[in-house]
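Now for the letters of each chain:
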Amino acid sequence: MPVRPDDLSNVITRRGALAALALLGIAGCGGSVAATTSTPHWDYNAEGPDHWADLDRGYATCRAGHAQSPIDLDSPTELHPSDHIEIDYRSISSVKLLNNGHTIQAAVPADSGNRIVVDGTAFTLTQFHFHLPSEHTVDGHDTAMELHFVHTASSGRLAVLAVLLHAQPDATPLTPILTATPNRIGLTRTVSAVDPREYLPTDLAQFRYQGSLTTPPCTEGVEWIVLRHPAPVAIPDVDNYRALFPHSNRPTQPRNGRPVVLAGPN
Ligand SMILES: [Zn+2]
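An unreviewed UniProt entry lists the protein chain under the name carbonic anhydrase, from Nocardia fluminea. Entered under Sequence similarities (unreviewed entry) in the UniProt record, the comment concerning the protein chain runs "Belongs to the alpha-carbonic anhydrase family." UniProt, in its Catalytic activity (unreviewed entry) section for the protein chain, records the words "hydrogencarbonate + H(+) = CO2 + H2O".

The following block contains the structure:
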C-alpha cells in the first residue's frame, strides 16, 4: 500500500492511520522498525506500560529488562565534572513534524550537522519529540513535559539527550514547534529555522546513565544524558499539547544498581 507521509489527511480511522504508520516504520521514543514490519499497537491507557510486554513477543524487554528507562535521578549523586558530553547543535533549515499517535516527532535532516559527542563517539541528531508529563524525575519530582533529542551513532547505538521542561507563563522558545503540532494522527507539518540550542537551559550540568527506549520495544543499550536543570515551556503550549496527548510518560523504572553520574557543565 503506497503511503505518502505528506498526504495522510484522507486516512479516516485511527486503526487505518496506525497501520499506515507501522508501514512507514515510525515508532515512538527513539525506536524505529523495518519498513515492512507492522508494529503492534500500544498506548498509555488500556494497553499501557504495565501491559506492553503482553502485547507482542518483541516487547518482552519492557518487563524482563534490568536497565530500563526512565528512572528517578537524585541530586546528590557521584560527581564526574569532566565526563560531560559535547553538544554541537546549530540551526536546522526545516524539520518535519509528525503526529504519530504517541507524540509529536520532529524529523531532522541527516545533513543538518547537529550532533553530540559521548566519550569520543559522535552521535547524529535524527529526531526529537515530547512526553507529558516528564518521564525522568529529579528527587521524585516531575516537570510539565520532557523533550528527547534522539541521536544515532554510525554503529547504530542510540544516545538520547533529555531536557526537562518547566511550565512558565512567559516562555517562548518552543512555541514555533508546539503551536504547529499536527492535531491528527498521521498529519505532518513543516517548520523552518529551528535552532535546538534555544531549547536547552543555560546550565548544561547533566545526569548520565545507561538505559533503554522508554517506549516499546524498550530496547536497552541507550546512552542517556538528562540535563539537570529544566528549560522553560509556555503554559499555553503545554495545555495545547495535553489536549492532543493527555499523558505520555512511562513510569520510572527500578535502577537496579546502575551508576548515575553528574557531569559538566561544559
Ligand atoms: Zn522519548
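After that view, the rundown keeps rolling.
A.B. asks: Just checking my understanding: could you explain the confidence of the model for the protein chain for this structure?
C.D. replies: The predicted coordinates of low-pLDDT regions are not to be read in fine detail. On average, the protein chain scores 86 in pLDDT, and the residues at 70 or more come to 84%. Per-residue pLDDT stays below 50 along residues 1–28; that stretch engages in 45 contacts with residues further than four places along the chain or on separate chains. Here residues 31–37 is modelled with pLDDT under 50, and outside its nearest four sequence neighbours on either side it reaches ten contacts, counting other chains as well.

A.B. asks: Looking at this model, I keep getting lost on the nonpolar core. Mind explaining?
C.D. replies: The biggest cluster of nonpolar side chains holds 40 residues, and the ones touching the most others in it are Val95, Phe128, Phe130 and Phe149. Excluding residues that lie within four positions of it along the chain, Phe149 makes contacts with Tyr89, Leu125, Gln127, Phe128, Ala159, Val160, Leu161, Val163, Pro196, Tyr199 and Leu200.

What counts and what doesn't
- Residues numbered from 1 in each chain as written.
- Predicted model: local features only at pLDDT ≥ 70, side-chain atom pairs only at ≥ 80, totals over all residues.
- Heavy atoms only, no water.
- UniProt positions renumbered as here; feature names shortened; annotations may be inferred.
- pLDDT = per-residue confidence, 0-100.
- Contact = heavy atoms within 4.5 Å.
- Core = buried A, V, L, I, M, F, W, Y, C linked by side-chain atoms within 4.5 Å.
- Buried < 20%, exposed > 50% of the residue type's maximum accessible area, 1.4 Å probe, protein only.

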